[in-house]
Amino acid sequence: MQMKLVFQAAILATLNAATSAALCGCSRDIALRITNVYENGDTEFHYDYCENLQDGRGFTAGISGYCTGTGDAWQVIQQYHKLTGGKDDFSIMDMTLQKYSDSGSDSTIGLENYCKVWTKLGKSDSRFQQAQDIVRNKLYYNPSQKYADDLGLQLDISRAQMYDTAIEHGTSEDADGLEALINYTNAKFTKDSPGDSKSTLSINGKQVDEIVWLTMFLKVREDDLKNPKETYNQGGNYWAQTVYRTKSYKYAIEQGEYMFSNSVKILDNDGQPMTVTCNISSSKRRRRRDHTRPRVPRYRLLAKSSGPPKSRRQRPAHFINL
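Residues numbered from 1 in each chain as written. Predicted model: local features only at pLDDT ≥ 70, side-chain atom pairs only at ≥ 80, totals over all residues. Heavy atoms only, no water.

> Would you explain the overall build of the chain in this entry?
Of the regular secondary structure elements, the chain holds 10 helices and seven strands. For the chain, buried positions account for 58% of its 322 residues. By sequence separation, contacts in the chain at least 24 residues apart represent 65% of the contacts at least 6 residues apart. With the model as given, the accessible surface of the chain reaches about 13,500 Å², and the carbon-plus-sulfur share is 50%. (Helix = DSSP H or I, 4+ residues; strand = E, 2+ residues; numbered from the N terminus. Buried < 20%, exposed > 50% of the residue type's maximum accessible area, 1.4 Å probe, protein only. Contact = heavy atoms within 4.5 Å. Areas by Shrake-Rupley, 256 points an atom, 1.4 Å probe, with all protein chains shown as cover.)

This is the structure in structure tokens:
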């Protein structure tokens, strides 16, 4: 409850309140592409990607790693059915997909053609790409930006970090989720913390520079990756392998990349500098994913009813209906 009160404290930015800070255009495209680097090793949108990672989640596929054993892949397919009228190449698999979604099974029996269909549609069907976008936005992007709005975040780099955290940690109320990390960060500020970002947040009644806040958030997130609080996030040491995500954002801060225009300097997953460039016109193009760079398994639990998804690393129990 105390942590809730911390988060619910007034956190309004002192920048011009009438100025919209929402990511849009190139800033949004770059934010999505930065996370693509961490997920896939490149900046592209892999709508056609599909494989069984043998990580207890069934097939992993698409732009956000939707899984047959965690429920969000079934939600993509349900959304696709809405766009096709319900008669498409996935229809024959519906009963099996729903069964595995409801039970959290990692079985792929009865889904022998699943990846073949996913890959074909991911390459050729704009409706299937749209379905993936809709589910990503509903489960991860939109909730992350609501948290950014509540915090009063004005800088592109801060809002992009909220999205990347949502993709890996989820946006629900478990101890490793985005909301909890925000709460832990806010609790660190007991006095005014000035900086030079020209954006000031009001955290617990204290004036906190936005980059000072973001730097603390990255430390809190990195500590959580190394030592997850929920027992279901501790197996396999998977999260500790992904601290390149926070190190990359720290590097961007050091480069002064507070606002995204046409390009941003970050670190790739091997710690090497790279530039992520805005390319809105190619966001629907697909390039074959580099399979020499394996995905790190991510477990996720989707919340009951219409609530937000919980930790993406937890095995499933209940699922969202779109």
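Picking up after the structure, the text goes on.
> Explanation requested: the state of the cysteines in the structure shown.
Covalently bonding the sulfur atom of one cysteine to the sulfur atom of another cysteine gives a disulfide. A full pass over the atoms with the stated rule returns two disulfides. Each disulfide pairs two cysteine sulfurs, and for Cys-26 the partner residue is Cys-278, the sulfurs being separated by 2.0 Å. Classification of the bridge connecting Cys-26 and Cys-278 rests on its S-S torsion, roughly -75°, and on that basis the disulfide is left-handed. Residue Cys-26 is found in helix α2 (residues 25–40), and its partner Cys-278 is found in the segment after β7 (273–277); the two are separated by 252 residues along the sequence. (Disulfide = S-S within 2.5 Å.)

> Help me out: how do you make sense of the sheet that holds strand β3 (residues 66–67) in this one?
The pairing of strands in a sheet happens through backbone hydrogen bonds and is either parallel or antiparallel. Spatially, three strands are ordered β1-β2-β3 in an open sheet, and the strand pairing comes out antiparallel. Two strands in the sheet have a free side with no partner beyond their single neighbour: β1 (50–52) and β3. Pairing of strand β2 (residues 59–61) with β3, which is carried by two bridges, proceeds in the antiparallel orientation. By the bridge assignment for β3, Thr-60 is matched with Cys-67. Seen against the sheet, helix α5 (residues 114–124) touches β1, β2 and β3 and runs at an angle of roughly 160° to β1. (Pairing = 2+ DSSP bridges. Axes fitted to C-alpha atoms, helices over the stretch in contact; angles between N-to-C directions.)

> Can you walk me through the pairing of β7 in this structure?
In regular strands, side chains alternate between the two faces of the sheet. When strand β6 (residues 263–267) meets β7, the two strands line up antiparallel, connected through five bridges. The residue bridging Leu-267 from the neighbouring strand is Pro-273, located in β7. Connecting β6 to the antiparallel partner β7 that follows it, the hairpin turn spans five residues, and Gly-271 within it adopts a positive phi of roughly 80°.

> What is the right way to read the packing of aromatic side chains from this model?
To describe a pair of aromatic rings, you give the distance between the ring centres and the angle between the ring planes. Scanning the model with the defined rule gives 13 aromatic pairs in all. Here Phe-90 and Tyr-114 contribute two aromatic rings whose centre-to-centre distance is 5.7 Å and whose plane-to-plane angle is 55°, an arrangement assigned as tilted. Here Phe-90, found in the loop between α3 (72–84) and α4 (94–103), pairs with Tyr-114, found in helix α5; they are 24 residues apart in sequence, far enough to count as distant. Here the two residues Phe-90 and Tyr-114 agree in accessibility, since each one is buried. Ring centres of Trp-118 and Phe-128 lie 4.7 Å apart, and the angle between their planes is 80°; on these two criteria the pair is classed as edge-to-face. Of the two residues, Trp-118 is situated in helix α5 and Phe-128 in helix α6 (residues 126–151); the sequence distance between them amounts to 10 residues. Just above the ring of Tyr-141 sits the side chain of Arg-28; from NZ or CZ to the centre is 4.3 Å. (Phe/Tyr/Trp six-rings, centres within 6.5 Å; stacked < 30°, edge-to-face > 60°. Lys NZ or Arg CZ within 6 Å of the ring centre and 35° of its normal.)

> What's the story with the nonpolar core in this structure? I'm lost.
A general tendency of soluble globular proteins is for nonpolar side chains to be buried together. Ranked by internal contacts, the top residues of the largest apolar core, which has 69 residues, are Ile-34, Phe-90, Tyr-114, Trp-118, Ile-157, Met-162 and Trp-213. Ile-34 has contacts with Tyr-249, Phe-260, Val-264, Ile-266 and Val-276, leaving out every residue within four places of it along the chain. (Core = buried A, V, L, I, M, F, W, Y, C linked by side-chain atoms within 4.5 Å.)

> Can you walk me through the pattern of salt bridges in this structure?
Oppositely charged side chains are able to pair whenever their charged atoms sit close together. One pass over the structure, following the stated rule, counts 17 salt bridges. Across the pair Lys-219 and Asp-223 runs a salt bridge whose closest N-O atoms are separated by 3.1 Å. Placement of the pair is Lys-219 and Asp-223 together in helix α9 (residues 210–226), with a separation of four residues, close to one helical turn. Accessibility expressed as a relative area gives 36% for Asp-223, which makes it partly exposed. Where Lys-247 meets Glu-222, a salt bridge forms, and the shortest distance between an N and an O atom there is 3.7 Å. Of this pair, Lys-247 sits in helix α10 (residues 244–254) while Glu-222 sits in helix α9; the two residues are 25 residues apart in sequence, bridging distant segments of the chain. A relative accessible area of 42% means that Lys-247 is categorised as partly exposed. Overall, Glu-222 belongs to the buried group, its relative accessible area being 7%. (Salt bridge = Lys/Arg side-chain N within 4 Å of Asp/Glu carboxyl O.)

> Mind showing me how you'd approach the packing of α3 against α5 here?
Geometrically, a packed helix pair is captured by the angle between its two axes and the distance between the axes. Running from N to C, α3 and α5 cross one another at 55°; their axes reach a closest spacing of 14 Å. On the basis of the axis angle, α3 is oblique to α5. In the crossing of α3 with α5, the sense of the turn from one axis to the other is left-handed. Residues Ala-73, Val-76, Ile-77 and Tyr-80 of α3 lie in contact with α5, whose contacting residues are Tyr-114, Trp-118 and Leu-121. Tallied by class, the residues present in the contact of α3 with α5 amount to seven nonpolar, no polar and no charged. (Parallel < 35°, antiparallel > 145°, perpendicular 65-115°, else oblique. Left-handed = near helix turned anticlockwise from the far one by under 90°. Nonpolar A, V, L, I, M, F, W, Y, C, P; charged D, E, K, R; others polar.)

> What exactly am I supposed to notice about the packing of helix α7 (residues 156–169) against α10 here?
Between α7 and α10, the least distance of the axes is 12 Å, while the angle of their chain directions is 175°. When the axis of α7 is compared with that of α10, the two are roughly antiparallel. Across the interface between the two elements, Ile-157, Ala-160, Gln-161, Asp-164, Ile-167 and Glu-168 of α7 pack against Arg-245, Tyr-249, Ala-252 and Ile-253 of α10.

> Looking at this structure, how should I read the confidence of the model for the chain?
Interpretation of the predicted coordinates at a detailed level should be avoided for regions scoring low in pLDDT. Of the residues in the chain, 81% have a pLDDT of 70 or more, and the chain-wide mean is 85. This model gives residues 4–19 a pLDDT under 50, and the stretch forms 32 contacts once residues within four places in sequence are excluded. (pLDDT = per-residue confidence, 0-100.)

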